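Summary of structural features
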Amino acid sequence: MSTEPPADDSDVPRYWRELGLPGLVDVHVHFLPDRVQAKVWQFFEDAESHYGAAWPVQYPLPIEERLTVLDRLGVRAFPTLPYPHRPGMAAWLNDWSAEFAAGRPQVLHSATFYPEPEAPVYVAEALERGVRIFKVHVQVGGFDPRDPALDPVWARLEETGTPVVIHCGSGPRVGEHTGPGPMAELLERYPRLQLVIAHLGMPEYRDFLDLAERYERVHLDTTMFATDFTERLMPFDAADLPRLAALESKVLLGTDFPTIPYPYAHQLAALHRLGLGEEWLRAVLWENGARLFGIAAS
Ligand SMILES: [Zn+2]
């Protein structure tokens, strides 16, 4: 008997149990200081004018309630992925994230950076404090990932191998420096970076599949990928499914919880209906993330 995809959020634990998994590792979850989070949600309330599509945020809840939702879903490990939209903000976000992760073993201590003179200093500090994942947002940050101010940061992260979730595709909105061009050049200079390309690089899926095939440590996260919402705006060409299947060990579950316009279960159902099989799903939903972050099944 084959496993049915989850019908709704309450059905999610049944789904991963039937797949034989101890839970989920979600590499793309955000927790931000309340004031910043409120601004992000405000922006999405107005999504129609920014993106041409309504974006009814599904989980606009207080922090503790959001943690409970993830716990009930069985998300055993997740980051907080802060990101600055201007200089002078990253160090403060990193302090908040460190505090948030302390005493919450399910939280992957996260940090971020921005091209500014202090970046190498606060990135070194974050690494000393045991940060496990960085987030970079090329479109919201509005900077070029090749900015020379970031050279010492990339060099250091190439050395440490710390995963960096980077939103660098041109969806849902084009940025001055988004797209595969700058990233291809960055990887030529720092080929050992442990990058996690957010949203599978949408809508430039094909170019980012190229990079994941070419570079051993380049991964892809599934955030919003293959959902009804994304397929309407940025459809994935089914002809590339065999490549996605072959990249089984480099695709990681990501969701963008809590700022998603559909229930969490829909992301899982969307991956399920790709038809890549249960072994692929086990790798994506648990094994790859568990290996990357050293998460033990408990
Ligand atoms: Zn995100």
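Here's a quick rundown of the structure.

Quick notes on the rules
- Residues numbered from 1 in each chain as written.
- Predicted model: local features only at pLDDT ≥ 70, side-chain atom pairs only at ≥ 80, totals over all residues.
- Heavy atoms only, no water.
- Salt bridge = Lys/Arg side-chain N within 4 Å of Asp/Glu carboxyl O.
- Helix = DSSP H or I, 4+ residues; strand = E, 2+ residues; numbered from the N terminus.
- Buried < 20%, exposed > 50% of the residue type's maximum accessible area, 1.4 Å probe, protein only.
- Donors = N, O, S within 2.8 Å, 3.2 Å for Na, K, Ca; no water.

Tallied over the entire structure, the rule returns 15 salt bridges. In this structure, arginine 189 and aspartate 151 form a salt bridge, with 2.5 Å as the shortest nitrogen-oxygen distance. With arginine 189 in helix H9 (residues 180-189) and aspartate 151 in helix H8 (residues 151-160), the pair connects residues that are 38 residues apart, well separated along the chain. On the accessibility criterion, aspartate 151 (24% relative accessible area) is partly exposed. Aspartate 237 is the partner of arginine 206 in a salt bridge, and the nearest nitrogen-oxygen pair spans 2.9 Å. Of this pair, arginine 206 sits in helix H10 (residues 205-214) while aspartate 237 sits in the loop between helix H11 (228-233) and helix H12 (241-246), and the two are 31 residues apart along the sequence.

A word on the coordination of the zinc ion. Bound to the zinc ion on the protein side are His28 (NE2), His30 (NE2) and Asp256 (OD), at distances that span 2.1 to 2.2 Å. Of note, the zinc ion draws all its donor residues from one chain, in the sequence arrangement H-x1-H-x225-D. Here the residue histidine 28 occupies a position in the loop between strand E1 (24-25) and helix H2 (34-45), and aspartate 256 occupies one in the loop between strand E9 (251-252) and helix H13 (264-272), the gap between them amounting to 228 residues. Take histidine 28 and aspartate 256: they sit in the same class, and that class is buried.

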